[in-house]
Structure formats: C-alpha cells, structure tokens
Amino acid sequence: MASHSWRDAYRGMSADNIKGLVLALSSSLFIGASFIVKKKGLKKAGASGIRAGSGGYSYLYEPLWWVGLITMIVGEIANFAAYAFAPAILVTPLGALSIIISAVLAHIILRERLHIFGILGCVLCVVGSITIVLHAPQERQIESVTEVWGLATEPGFLLYAVMVLIAVFILVFHYIPLYGQTHIMCYIGVCSLVGSLSVMSVKAIGIALKLTLSGMNQLVYPQTWAFTLVVLLCVITQMNYLNKALDTFNTAVVSPIYYVMFTSLTILASVIMFKDWDRQNPTQIITELCGFVTILSGTFLLHKTKDMVDGPIPLSIRPPKHMEDEEDVIDQESIPLTLRRQDTSCMRSP
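Residues numbered from 1 in each chain as written. Predicted model: local features only at pLDDT ≥ 70, side-chain atom pairs only at ≥ 80, totals over all residues. Heavy atoms only, no water.

Right, let's talk about the overall build of the protein for a bit. If you tally the helices and strands in the protein, you get 13 helices and 0 strands. When the helices and strands of the protein are read in sequence order from the N terminus, they spell out α-α-α-α-α-α-α-α-α-α-α-α-α. For the protein, the proportion of its 350 residues judged to be buried stands at 51%. As displayed, the protein offers around 15,900 Å² of accessible surface, 73% of which is attributable to carbon and sulfur atoms. (Helix = DSSP H or I, 4+ residues; strand = E, 2+ residues; numbered from the N terminus. Buried < 20%, exposed > 50% of the residue type's maximum accessible area, 1.4 Å probe, protein only. Areas by Shrake-Rupley, 256 points an atom, 1.4 Å probe, with all protein chains shown as cover.)

Structure representation (structure tokens):
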C-alpha cells in the first residue's frame, strides 16, 4: 500500500509542466546573457553621462543597453509563457540558470573572476533546481480569470500584498535616499518585493491568454486588464531599481542576491495565493525545500567567494572608494578585480 502511494506521488511531470520547464530554461538563457549586455551598456553610458546609480538616464541613448533590454524582454516573454503552463514553484527556481550564465559571462567578458568555490556554487544551483523540478506540484486547473481574481482577493493574499506595499514604500522613501549607494539590499529589496506581486499577475494574464486561445475568451473580463495594469506598474518599478543596483554594485553580487530574494518571495506568494502545497504530501514539500536550500547554498558561495584570490592582497594597495569609481569608468578592463569594487563599489537585470 505504501509503495503504491509512493508511485502515485511521483508519477512524473504532466505535459503542461514539461512545456513550462522548457520555456523557463529558455528564459534563463536569455536573461542570464542580458545581465552582461546591459551592464556593458550601463558602463559605456556612465563614461559619457550621469550614471544610473546616481540617478542618470543616459543609458537610454546607449544601443548596447537596448540590445540587453531586448534580450531580457525575449527571456521574460518565455518566462511569461512558462507561468501559464506550470506552477511558480517549478518555474521561478529555474532562474538559478541565469545566475550561472551571468557569472560565467562576467568572468569571461567583464573580468569579474569566478573562483573555484563560485563554480561549486553554480553546481549546487543546478542540483537544487533539478531536485525542485522532479518534485514540483502539478499545475492547478483553472477555468476562468475570475477564479484567479478570487484567489488574489482572499484575506491571506490581500494581507501579503498590503505588507509588501508598506515595505516598498518604506524602502523607497526612507532607506534608499540614505543607504541606496552603500547597501545593496535597498535596491534589491524593492525589486524582489514588487517582483513577487508581478509574477502572480503575470501568471493570471498567462492563464487568461491560454484560455482565450483555447476558445474561452477572457479578454472581456475587467479582471484581466486589472492584472495587466499591475504587471505594467511592477515591471517599470523593477526595471528602474534593478538598473540602479546593476550600475552601483558588482554583477556577481547583484545577480545571486536578487535571485534568492525574488525566488523566496515569489514562492511564498504562490503558496499563499495558489495554495500549491495543498496538492502535495509532506515528503514532496520537504524535498522541494531541500532543493531550494541547496540553491541558496550555491548562491551564498557565489556571493562570498566573488573576490577570493589565490594569495593575500595587502590592504594598503586597495584604492579609496572614490578612486575606484573613477577608475572603473575610465579603464575598467585594465584593473584587477581585487582592486575594483567591493560590496559597495561601482560597477551588472535580468
């Protein structure tokens, strides 16, 4: 009897989950590459105008930044489609692949060294992602966008949304003016909190389009357009603060921290709104949590070993913060990583 129950629990991925998996992997490839292209554009724009981290928008005139943005949009479209087929618990953690891609490309293109423990971190991210993929819940069957609206307006999720908005306003109006240039969690916190709400709305729109294409028109419902408005507001906010984070801090720091916070909050929002864990047994839930902890361990290694070197570097040769900022803009490629920015230095989205 126990053996039969085990086989029922692990009967394999549904066709929808497989579609979501393929789309999510494609999304991570594009998004991971876009981080590097956009950062190159930000650096180029910063050399001839006001940097994004200082409130400037000169990057809007830089073609390379737009190439990175287009690459990211392609990845986000694939990600958007993935949420229509698979639960957020499956789709969101696969963003670990974008961390690996951005870390490797930063090592090759931006000369931001990837230490051996960083490589181990990448491996842990892959192992954790595979674990979650193999034990993800089946997608919830939804027949109308009004059903999603009903889930979004339940007391539990409404409380979560209100708490997120309060936290965002506190960060934007109090902490960012004081600590935005020195504490990465200010910018990343806003992106991650707002991102968790945008994913829930993106999933709602994806479901609405999926049902519409199958013959059940959901565009006539005002709820569809309400979710669309939420997505637009959230995406604009995310892009603004993510650009500031990328232009102010090291890519190898921004990418993993953003991934960890964004994924954690998105999974929490999905569990509250779509009740993903209600359709799973305790063993599956624990296995998914172990997979997620494995991914967190990988991102922790990527973060902690980003500036690790093979030998000790005398502190006396490390330039002051203001000199690092100028050198990074003038001759970034010729300066060793250990003499560039630390956690609060100048310089990566999605």
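Take a nonpolar patch on the surface next. On the surface, a cluster of nonpolar side chains totalling about 510 Å² of accessible area is made up of Ile116, Phe117, Ile119, Leu120, Val123 and Val127. Looking at the secondary structure, you find Ile116 in helix α6 (residues 116-134). Using a relative accessible area of 54% as the deciding quantity, one classes Ile116 as exposed. (Patch = residues over 30% accessible without salt bridge, like charges linked within 9 Å, V, L, I, M, F, W, Y side chains within 5 Å. Salt bridge = Lys/Arg side-chain N within 4 Å of Asp/Glu carboxyl O.)

Another point: the packing of helix α2 (residues 15-46) against helix α3 (residues 63-85). Close contact between α2 and α3 brings their axes to 7 Å; oriented N to C, the two are set at 165°. Between α2 and α3, the crossing angle belongs to the class labelled roughly antiparallel. The way α2 lies across α3 gives a crossing that is left-handed. Partitioned by chemical class, the residues of the contact of α2 with α3 number 16 nonpolar, 9 polar and 5 charged. (Axes fitted to C-alpha atoms, helices over the stretch in contact; angles between N-to-C directions. Parallel < 35°, antiparallel > 145°, perpendicular 65-115°, else oblique. Left-handed = near helix turned anticlockwise from the far one by under 90°. Nonpolar A, V, L, I, M, F, W, Y, C, P; charged D, E, K, R; others polar.)

Right, let's get into unusual backbone geometry. Positive phi is not limited to glycine here, since Lys275 has a value of about 55°. Turning to its location among the elements, Lys275 is positioned in the loop between α11 (251-273) and α12 (282-304). In this structure Lys275 comes out as partly exposed when scored by relative accessible area, which is 24%.

With that settled, the discussion passes to the packing of α3 against helix α9 (residues 184-213). Viewed as axis vectors pointing N to C, α3 and α9 meet at an angle of 70°, and their least axial separation amounts to 8 Å. As judged from the angle between their axes, α3 and α9 are roughly perpendicular. In this structure, α3 uses Phe80, Tyr83, Ala84 and Phe85 to contact α9, whose residues at the interface are Val199, Val202, Lys203, Ile205, Gly206, Ile207, Leu209 and Lys210. A class-by-class count of the residues in the contact of α3 with α9 yields 9 nonpolar, 1 polar and 2 charged. (Contact = heavy atoms within 4.5 Å.)

With that settled, the discussion passes to the environment of Met163. As for its placement among the helices and strands, Met163 is situated in helix α8 (residues 155-179). As for Met163 and Leu193, which are separated by 30 residues in sequence, their C-alpha atoms are 9.6 Å apart.

Let us now look at the packing of aromatic side chains. Following the criterion strictly, the structure yields 7 aromatic pairs and no others. Aromatic side chains Trp65 and Trp66 sit 5.0 Å apart centroid to centroid with 85° between the ring planes, which places their arrangement in the edge-to-face category. A relative accessible area of 2% means that Trp65 is categorised as buried. Judged by its relative accessible area of 38%, Trp66 is partly exposed. Sitting over the ring of Phe274, Lys203 keeps its end group 5.5 Å from the ring centre. (Phe/Tyr/Trp six-rings, centres within 6.5 Å; stacked < 30°, edge-to-face > 60°. Lys NZ or Arg CZ within 6 Å of the ring centre and 35° of its normal.)

Now for the nonpolar core. In this structure, Val148, Phe157, Val190, Met200, Val254 and Met273 are the most contacted members of the largest nonpolar core, which totals 65 residues. Broken down by secondary-structure element, the contributors of at least two residues to this core are α2, α3, α4 (88-91), α7 (145-152), α8, α9, α10 (222-248) and α11. If one sorts the elements of this core by residue count, α9 sits on top with 17 residues. Discounting chain neighbours no more than four positions away, the residues touching Phe157 are Leu151, Ala152, Leu197, Met200, Ala269, Ile272 and Met273. Counting residues in each nonpolar core, the second largest holds 14 residues, with Ile89, Cys122, Ile132 and Phe292 among its members. (Core = buried A, V, L, I, M, F, W, Y, C linked by side-chain atoms within 4.5 Å.)

Once that is clear, we can look at α9. Over its 30 residues, α9 extends 42 Å from the first C-alpha to the last, a length consistent with the 44 Å expected when each residue adds 1.5 Å. Considering bend angle alone, the principal kink of α9 is centred on Gly195 and spans about 25°. α9 sits mainly inside the fold: 25 of its 30 residues count as buried. Just downstream of α9, Gly215 is the residue with a positive phi angle, here 115°. (Expected span 1.5 Å × (residues − 1). Bend = angle between axes of the 7 residues up to and from the residue.)

To continue, consider α7. For α7, every residue scored as buried is listed here: Val145, Val148, Leu151 and Ala152. Down the axis of α7, the sector holding all buried residues measures 110°, keeping them to one side. (Arc of directions from axis to C-beta.)

As a further point, take the pattern of salt bridges. Taken as a whole and judged by the stated rule, the model has 2 salt bridges. Salt-bridge contacts for Lys210 lead to Asp16; the nearest nitrogen and oxygen are separated by 3.2 Å. One end of the pair, Lys210, is in helix α9; the other, Asp16, is in helix α2, and 194 residues separate them in sequence.

The final tally for this structure, using the stated rule, is 0 disulfides. There is no disulfide at Cys122, and the cysteine sulfur nearest it, in Cys125, is 6.3 Å away. (Disulfide = S-S within 2.5 Å.)

Per-residue confidence for the protein gives a mean pLDDT of 78, with 80% of residues at or over 70. This stretch, residues 1-10, has a pLDDT under 50; its non-local contacts, to residues over four places away or in other chains, come to 6 contacts. Here residues 310-350 is a poorly scored stretch, pLDDT under 50, and it has 100 contacts once near neighbours within four places are set aside; other chains count. (pLDDT = per-residue confidence, 0-100.)

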